[in-house]
Amino acid sequence: MAKPWEGPLDLQISRPALWPPGLMAQSSHGLLGRIQRANDDASRRFGPNTAEVEAFIQAASHLSPWQWRQVLAARRLVALVTKEDVGEAEHSRRTIQAAIRTSEGRMSEPMAKAGEALFEALEKRSDEKVVSAWQAVSALVLRHQLSALKFAAHYAPFSTLIPISEADALDPTTRRFLAAIEGLTVGQCQYLAKPWRVDHDASRALTQAVAKSKHLHIEVAVAIAALNTIPSRLAGDPGWAAVRTAVHGGRVLSRRAELAKSEVTLLWAPLQAVFPLGALERGGRDKSAGTRVRAAVTKAIETIKPQKATPVPPPRAPAQYGPNSGEVAAFVRAVVELTPIQWLRVLDRRQLVASVTREGSAEPASVVRALLAAIDGTKEMDTFTRSRAFAAVERAGFAVESKDRVKGEQLAPHYGPFATLIPLEEVDSNEFVRRLTYLGGDEWAQVASSVPSVNQEVVAPLVNAGTALLEFLSRRSDEETVATWHAVTALVRRHHLTPIKFAASYAPFASAIPATSARARGAMVLRYVTAIGRLGGSQCELLAQPWQLSDEVSNALSRAIKDGSARPAEEAAALAAVVTVPMRLSGSAGWAAVKTAAFGGRVIASRTRLTTEQIEALWKPIQPAIPLASLGAPAKPRR
């Protein structure tokens, strides 16, 4: 079934849910909207366990060769009881990569993104190492969907080097149980491997207790300890049975507060001979303190002795302007050197862009001036305080802008940090900016303390960019200041914006300070961008016609651009279109033509991953204005 083309190129941005209706239109393009989207994207990129997945990928990329040998040895031991084949690592690696790049809904988006990040971080590692890490990452992504034993079977090889997040949150009884598992003998493992049954009523009570609580951290810790210990004593099916018995003990310990004492006794019966429950609860007083200390020291020496000391690289300082620090720094250096003629072209082009985007000003001049006043007033403070004050001023600036259209009680939550310092009823936009310049350090600290925590990684680069431009913008007109601020913030948050949103903000400076590299685009993309620059009025009208794609070709394109390789070409096409089309066609029709032209850049950049038939179907909306044949024959698709 055909569906209309929609979505990713639109300039429309979702509004913060708590803002009043009159304030939403003004603030939907503001900093807080970008912060909220960036926070959501970053915190959910790999699913609910994004933080753990990111920490694992970072740690795995820094493992030493000696540590990798430990991981692979542990993985082979675990395979002795789980009976997973570890001998076809290269085939598995190819299969995983193919599933990540060309999956048709079989792999979830968080899993695919985690795989891409992992393969990039471990690009130079051997196939066996990468596949081992992939199993651990996939277990982390799906952690709350897996049983404790299933999760442990995939993560156990890394558990000693990269502990899971709840590894330290265990009660003393569980810690003693884990220590006892690590000291198991072959005879004890054989005993745990014997078949057993427990009382039916006690088993049902345990099942009900498990259903009430989904916390599995104790079971996971026990399963990991058992898989790291038992396979070296007992392999095959008996080893697996012993592991399952130990995990049953972890389940009983984790739910014993919800069970009767008699039920705990019945459920612990299969383990009682090896792990006396009373001794675990009392703390094993049969051992003297000296014996326990000597055993711990001996074990630590045996663990540390074969390991070679490897220098730990010092943590890299965060980039001043965020991930795109180089581009932002180049813009900051170049913008102060623009000539008056270049500034006239910038402002003229900004008016043309506004004729098709119709967004007015994403941040009015008064809001931008207020932000700059906040940056100036907090220069001597730490970055975290400055970031919070910055966010507070942005919210308050939009509240002042909207006070004539929105009721005071709706503005109060957004203006709250300034309510006692600068009463809202006493100021307009210009007066608010002027009063901000009079605030002292203690007052800025008060404002920052009244703001909920913000993501410093998101806001700090914007504060740093504003600080670098502060003196320069203080001498420019409001129109020049707003144009510069929109461009530099678009560069700072470049990869969090759609290509067409970035182009709409940066287009006024596109020719004076180029933000795209011709070498990174390829000959065919360059010819397409040149063709966009030569569009006439009739061609723009053809591009503005409504069109739609079939599900089949739309899905094929989505798979082809999944890795983000088409973004540079789409940005270049969007920049050229935002500059050219408004001179020929304005209003909604002009915006539709811009979106179609930007879509063409996406198709051209993905042509090597599409069949000839798919390229022709995707190119139909652009074909009447820019024939595909005029750009040269499409590249031969890869097999």
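None of these values were measured; they are calculated from a predicted model.

### Some thoughts on the overall build of the chain
- Helix and strand counts for the chain come out as 32 helices and two strands.
- Of all 639 residues assigned to the chain, the portion counted as buried reaches 48%.
- Put simply, 79% of the contacts in the chain that link residues at least 6 apart link residues at least 24 apart.
- Taken as a whole, the chain presents about 31,400 Å² of accessible surface, with 52% of it coming from carbon and sulfur.

### Here we look at the pattern of salt bridges
- Going through the model one piece at a time under the given rule, you end up with 15 salt bridges.
- In this structure, Glu471 and Arg475 form a salt bridge, with 3.9 Å as the shortest nitrogen-oxygen distance.
- In this structure, Arg494 engages Glu571 in a salt bridge whose closest nitrogen and oxygen atoms are separated by 2.4 Å. One end of the pair, Arg494, is in the loop between α25 (478-492) and α26 (499-506); the other, Glu571, is in helix α30 (residues 567-580), with 77 residues separating them in the sequence.
- Each member of the salt-bridge network shares a partner with another, and the members are Glu327, Arg494, Arg567 and Glu571.

### Considerations on the packing of aromatic side chains
- Evaluated as defined, the whole model comprises 18 aromatic pairs.
- A ring pair is formed by Trp343 and Phe472, whose centres lie 6.3 Å apart and whose planes are at 25°; its orientation type is stacked. Of this pair, Trp343 sits in helix α18 (residues 340-357) while Phe472 sits in helix α24 (residues 456-473), and the two are 129 residues apart along the sequence. Grouping residues by exposure puts Trp343 and Phe472 together as buried.

### Things to note about the packing of helix α19 (residues 365-377) against helix α22 (residues 429-436)
- The geometry of α19 relative to α22 is characterised by a closest axis approach of 9 Å and an angle of 5° between their N-to-C directions. Here α19 is positioned roughly parallel relative to α22, judged by the angle of their axes. Mapping the contact onto sequence places Ser366, Arg369, Ala370 and Ala373 in α19 and Ser429, Phe432, Val433 and Leu436 in α22.
- In the contact of α19 with α22, the residues fall into five nonpolar, two polar and one charged.

### What to know about the environment of Ser450
- By the element assignment, Ser450 lies in the loop between α23 (441-449) and α24.
- Residue Ser450 is classed as partly exposed on the basis of its relative accessible area, which comes to 41%.
- A polar atom in the side chain of Ser450 sits 2.7 Å from the backbone oxygen of Val447.

### Remarks on helix α27 (residues 523-533)
- Where α27 is concerned, the buried positions are Met524, Val525, Tyr528, Val529 and Ile532. Taken end-on, α27 shows its buried residues confined to a sector of 140°, consistent with a single buried face.
- Contacts from the buried residues of α27 go to α30, α31 (587-605) and α32 (612-619).

### Details of helix α20 (residues 383-402)
- With 20 residues, α20 extends 29 Å between its outermost C-alpha atoms, agreeing within 8% with the 28 Å of an ideal straight helix rising 1.5 Å per residue.
- Most of α20 sits inside the fold, with 17 of its 20 residues counted as buried.
- Two to three positions downstream of the cap, the backbone nitrogen of Phe384 sits 3.2 Å from a side-chain oxygen, assigning the N-cap of α20 to Asp382.

### Let's talk about the packing of helix α6 (residues 109-121) against helix α7 (residues 127-141)
- Two elements in contact, α6 and α7, have axes whose closest approach is 10 Å; the angle formed by their N-to-C orientations is 145°. Here α6 and α7 pass one another in a crossing that is right-handed. In this structure, α6 contributes Pro110, Met111, Ala114, Gly115, Leu118 and Phe119 to the contact, and α7 contributes Val130, Ala133, Trp134, Val137, Ser138 and Val141.
- Across the contact of α6 with α7, the residue classes break down as ten nonpolar, two polar and no charged.

### Concerning the nonpolar core
- Of all hydrophobic cores here, the largest spans 115 residues; its most connected members are Tyr415, Phe418, Phe432, Leu436, Phe509 and Tyr528.
- Discounting chain neighbours no more than four positions away, the residues touching Phe418 are Ala392, Val393, Ala396, Pro423, Phe432, Leu436, Leu439, Trp444 and Val447.
- By size, the runner-up hydrophobic cluster in this structure holds 74 residues, among which are Phe158, Ile218, Ala221 and Val264.

### Some thoughts on the confidence of the model for the chain
- With 80% of its residues at a pLDDT of 70 or more, the chain has an overall mean of 79.
- Within the chain, the lowest mean pLDDT, 41, falls on strand β1 (residues 2-4), and the highest, 92, falls on helix α28 (residues 537-543).
- A low-confidence stretch, residues 284-288 (pLDDT under 50), is modelled with four contacts involving residues beyond four sequence positions or located in other chains.

### Some details on the environment of Ala544
- Structurally, Ala544 can be placed in the loop between α28 and β2 (548-550).
- Classification of Ala544 as buried rests on a relative accessible area of 19%.
- Leave out the neighbours within four places in its chain, and Ala544 touches Leu585, Ala589, Ala592 and Ala593.

About the thresholds
- Residues numbered from 1 in each chain as written.
- Predicted model: local features only at pLDDT ≥ 70, side-chain atom pairs only at ≥ 80, totals over all residues.
- Heavy atoms only, no water.
- Helix = DSSP H or I, 4+ residues; strand = E, 2+ residues; numbered from the N terminus.
- Buried < 20%, exposed > 50% of the residue type's maximum accessible area, 1.4 Å probe, protein only.
- Contact = heavy atoms within 4.5 Å.
- Areas by Shrake-Rupley, 256 points an atom, 1.4 Å probe, with all protein chains shown as cover.
- Salt bridge = Lys/Arg side-chain N within 4 Å of Asp/Glu carboxyl O.
- Phe/Tyr/Trp six-rings, centres within 6.5 Å; stacked < 30°, edge-to-face > 60°.
- Axes fitted to C-alpha atoms, helices over the stretch in contact; angles between N-to-C directions.
- Parallel < 35°, antiparallel > 145°, perpendicular 65-115°, else oblique.
- Nonpolar A, V, L, I, M, F, W, Y, C, P; charged D, E, K, R; others polar.
- Polar contact = N/O pair within 3.5 Å; in protein donor to acceptor, adjacent residues only side chain to side chain.
- Arc of directions from axis to C-beta.
- Expected span 1.5 Å × (residues − 1).
- Left-handed = near helix turned anticlockwise from the far one by under 90°.
- Core = buried A, V, L, I, M, F, W, Y, C linked by side-chain atoms within 4.5 Å.
- pLDDT = per-residue confidence, 0-100.

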